[in-house]
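Report on the structure
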Amino acid sequence: VEVPDYWLAKQNCFEIAREDVTYAVRFGGHVERYWKDGKECSRWRGGEMLQAMAYDNPVPGYGTYNCISLRLWRALPAKEVDFESFNQGEYLQSAAPKQRAEELNHFLYPNDNHEEGKELRLRQQYFFCSASIQDILRSFKKKHGGNWDMLPQKVQIQLNDTHPAISVPELMRVLVDVECLNWDYAWKLTKATFNYTNHTVMPEALEKWRIELIGKLLPRHVEIVGMMNHMFLEEVKAKWGDGEWICDMSMFGPAEGGECLRMGNISVIGAHHVNGVAAMHTEIVKRETFKNLYKWSVATGEPDKFVNCTNGVTPRRWIHCANPGLSKLITKKLGSDAWLKDLPLISGICKFKDDKAFQQEWVAVKKTAKEKMAKWVKTHCNLEVDTNALIDVQVKRIHEYKRQLMNCFYQIHRYLEIKSMSPGDRAKVQKRFSCIGGKAAPGYYRAKTIIKLINNVADVINNDPDVSPYLKFTFLPNYCVSAAQQIIPASDTSQHISTAGTEASGTSNMKFVMNGGLIVGTMDGANVEICEEAGGEHVNFIFGAREEELPGVLERAKKGDYPIDPRLQKVMQAIRQGRFSAGDDAFTEEIGAILDMLCNTTAAGTWDGDRFLVCHDFPSYLDVQARVDRDYANQADFVARSIQAVGSTGKFSTDRSMMDYARQVWELPQCARPAPKVVNAKK
């Protein structure tokens, strides 16, 4: 059942409303030209005005004297009531300004499968970006006045994917139209102030906004992007001449329904640095996603514009808070808790991985975590979990490239295998509790179909007396950070099984490994670096095609050489027969359409076929799952690998990740905050 998340229903006691900090944000209207000091200028007039009011959330550091403020924004109407409508008796219409403002606050991730959703999402993005840019410049001017040369030294703005990319033309608008700076000077400052983190290697996921829509809401920004694009492409033509690369590098491009703004290109061109979030991902960004823009940065003397900053997660939350038993055990073995602030120190536990007494303590901690998770599952899923079973978890956003469907196919395969066994053979099967959790975008109907299949399969498995003593399966509802802290510490294995070359990094893989859960995964995203740090692939359970093998796989598929394993065919047959449809013929037809697409073998690698190569990787996926069962039976070796995995996570702390950004991207010198003065209370 899908229900809305009323995220504003509960008050946040730490949130401070800053009624003294507000900024006007405009939508629609028109652009006027006027002359000032012999120069033609532009100004944006008319349209709809909203007010952005600041809310501050304190974020204290761990074991430091530092506390920063996370500034959020609330949309308010420029006027609460339209009195003209009110006086005419149009009471509903009179409240429209407030309703329009509240739309921006209440609806997170609106469905953008229709024009209304697209417009709301663009309004939200621009509202937050405009308020933030105005706030940043107000603070800068308060300290440095009109000394704009200092802007890049004092301000660095990080574009976290393409969602805030409209900030680039917004900063240009304020500098040129409001502060009256020369265009070339403003563009130089802008490019030195912004940096861009790319979070996806799939071109179709890079945002594009149709000119018709963005021109209606932000007419001045379309003009500014046009000028930015003209200046940039003239530089390219002067050095490289005209060619097919011009279209690829342009900030404008074709899209369904007309011309669009390409927010990815705007982000790269308008940035001082561009970074990926895992070593493999960064190379794909340079080689494929922004190939010509990367070549241009090298050709123009900026070879270090594209850098890598591998993601990280904080051990303070994901070990110390989520798994206090493990945190205490590590601290006891290392002799101090210094590792919480210097995670590479955790490698000290590796030398104890074969110590029998330490292994026993490790197993006891894992058992406690499993019991904690079992209570959570009983409460939220009404399912009993055998804490002596192997616990396998896949929790992440529901998306076809993350291949929850392949995991579900495996659960069906395991169910059919156990069902066909004699009672004696069933008793020899490694007991498992498998679960999948995550949320899907509201308009992603295929993802919702996959979620329904997962729930249907779980109902069949858990209610079959022949199978359920040996296999339990469930979908974890309302997955969130609070749930993750109950689930992640309990895992023996976790699945990170995206098609090679599609996952930028992933961070749940780091969280699971920090808690001793071994990875079942492909060589994709940060899995590659996790295996390198652990001493090789053998510590985890790696399967599937490698990124460099994919062109050959797709080329063979075009020629009809794309076999579907008989075991997968058996799984598909069971689905087509309606065994996992709960009597819903419409669902059988719906999921059957997905199977038909997967079986369109000559179109593998495209949206008309097996886009993410589920069929290709399924046989090796079965092989590695069989290896999981075999290896888990040797508990001493399995626990030693679990200890080795945790001890190899020093690289994957947010502390290291932030240091990478500070040094490589923002180019900041390191400085310590002075300790507070000790005041003598004695008189």
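Residues numbered from 1 in each chain as written. Predicted model: local features only at pLDDT ≥ 70, side-chain atom pairs only at ≥ 80, totals over all residues. Heavy atoms only, no water.

**A closer look at empty space enclosed by the protein**
Considering all chains together, one arrives at 3 cavities of 30 Å³ or more under this definition. Every element with two or more residues in the lining of the largest cavity is listed here: helix H19 (445–462) and helix H25 (585–598). Ranked by residue count, the leading element in the lining of the largest cavity is H25, at 3 residues. Taken together, the residues of the lining of the second largest cavity break down into 1 nonpolar, 7 polar and 3 charged. (1 Å grid on protein atoms, 1.4 Å probe; cavity = no way out; pocket = protein on both sides within 12 Å on 5 of 7 lines; lining within 4 Å. Points joined across faces, edges and corners; volume = space filled by probe spheres on them. Helix = DSSP H or I, 4+ residues; strand = E, 2+ residues; numbered from the N terminus. Nonpolar A, V, L, I, M, F, W, Y, C, P; charged D, E, K, R; others polar.)

**So, a nonpolar patch on the surface**
A cluster of nonpolar side chains, namely Trp7, Leu8, Leu108 and Tyr109, defines an oily patch on the protein surface of about 460 Å² accessible area. By the element assignment, Leu8 lies in the segment before strand S1 (16–27). (Patch = residues over 30% accessible without salt bridge, like charges linked within 9 Å, V, L, I, M, F, W, Y side chains within 5 Å. Areas by Shrake-Rupley, 256 points an atom, 1.4 Å probe, with all protein chains shown as cover. Salt bridge = Lys/Arg side-chain N within 4 Å of Asp/Glu carboxyl O.)

**Quick look at the side chain of Ser267**
Inspection of the secondary structure assignment puts Ser267 in helix H11 (residues 263–269). A polar side-chain atom of Ser267 sits 2.8 Å from the main-chain carbonyl oxygen of Met263. If we skip the residues at most four places from it in the chain, Ser267 touches Leu159, Thr162, Ala165 and Tyr196. (Polar contact = N/O pair within 3.5 Å; in protein donor to acceptor, adjacent residues only side chain to side chain. Contact = heavy atoms within 4.5 Å.)

**Quick notes on the packing of aromatic side chains**
Within this structure, the stated rule accounts for 20 aromatic pairs. Ring centres of Phe352 and Phe358 lie 6.1 Å apart, and the angle between their planes is 65°; this geometry places the pair in the edge-to-face category. Aromatic side chains Trp607 and Phe612 sit 5.5 Å apart centroid to centroid with 85° between the ring planes, which places their arrangement in the edge-to-face category. Of the residues examined, Trp607 reaches a relative accessible area of 40% and is grouped as partly exposed. On the basis of relative accessible area, Phe612 is assigned to the buried category, the value being 3%. Within the aromatic cluster, the residues linked to one another by ring pairs are Tyr410, Phe543, Phe618 and Tyr621. The ring of Tyr34 is capped by Arg43, whose NZ or CZ atom sits 4.1 Å from the centre of that ring. The aromatic ring of Phe27 is capped on one face by Arg123, whose charged end is 4.8 Å from the ring centroid. (Phe/Tyr/Trp six-rings, centres within 6.5 Å; stacked < 30°, edge-to-face > 60°. Buried < 20%, exposed > 50% of the residue type's maximum accessible area, 1.4 Å probe, protein only. Lys NZ or Arg CZ within 6 Å of the ring centre and 35° of its normal.)

**A look at the environment of Tyr6**
Note on placement: Tyr6 falls in the segment before S1. The exposure class assigned to Tyr6 is exposed, which follows from its relative accessible area of 64%. When the C-alpha atoms of Tyr6 and Lys452 are compared, they prove to be 23 Å apart, with 446 residues separating the residues in sequence.

**Concerning the nonpolar core**
Residues Trp362, Met373, Val377, Phe409, Leu453, Ile575 and Tyr621 are the most contacted members of the largest nonpolar core, which totals 108 residues. Membership of the second largest hydrophobic core comes to 71 residues, among which are Val25, Ala54, Ile133 and Met249. (Core = buried A, V, L, I, M, F, W, Y, C linked by side-chain atoms within 4.5 Å.)

**Side note on the packing of helix H6 (residues 167–178) against helix H9 (residues 219–240)**
For any two helices packed against each other, the geometry is given by the interaxial angle and the distance between the axes. Running from amino to carboxyl end, H6 crosses H9 at an angle of 95°, the nearest separation of the two axes being 9 Å. The angle between H6 and H9 places the two elements in the roughly perpendicular class. Between H6 and H9, the contacting residues are Val168, Pro169, Glu170, Met172, Arg173, Val176 and Asp177 on the first element and Arg220, His221, Ile224, Val225 and Met228 on the second. (Axes fitted to C-alpha atoms, helices over the stretch in contact; angles between N-to-C directions. Parallel < 35°, antiparallel > 145°, perpendicular 65-115°, else oblique.)

**A look at the pattern of salt bridges**
Summed over the entire model, instances satisfying the criterion amount to 43 salt bridges. Here Arg123 ties to Glu48 by a salt bridge, and the two come within 3.1 Å at their closest N and O atoms. With Arg123 in helix H4 (residues 115–144) and Glu48 in strand S4 (residues 48–60), this residue pair connects regions lying 75 residues apart in the sequence. Ionic contacts of the salt-bridge type, sharing partners, join the residues Arg18, Asp20, Asp56, Arg71, Asp135 and Arg138 into one network.

**Section: the pairing of strand S14 (residues 432–437)**
Taking burial as the measure, the 6 residues of S14 include 6 buried ones, the bulk of the element. Burial along S14 is two-sided: the face carrying Arg432, Ser434 and Ile436 and the face carrying Phe433, Cys435 and Gly437 are both buried. By the bridge criterion, 6 bridges tie strand S13 (residues 390–395) to S14 in an arrangement that is parallel. Paired with Leu390 across the strands is Arg432, a residue of S14. Since S14 and strand S15 (residues 471–476) lie parallel, the crossover through H19 that links them has a hand, and here it is right-handed. (Pairing = 2+ DSSP bridges. Right-handed = clockwise from strand over helix to strand, strands pointing away.)

**As for the packing of helix H24 (residues 566–576) against H25**
Between H24 and H25, whose axes approach to 9 Å, the crossing angle comes to 155°. By the criterion of interaxial angle, the relationship of H24 to H25 is roughly antiparallel. In this structure, H24 meets H25 at a crossing whose hand is left-handed. Seen from H24, the contacting residues are Met572, Ile575 and Arg576; seen from H25, they are Thr588, Ile591, Gly592, Leu595, Asp596 and Leu598. Across the contact of H24 with H25, the residue classes break down as 5 nonpolar, 2 polar and 2 charged. (Left-handed = near helix turned anticlockwise from the far one by under 90°.)

Bear in mind that shape data such as this cannot, by itself, settle questions of function.
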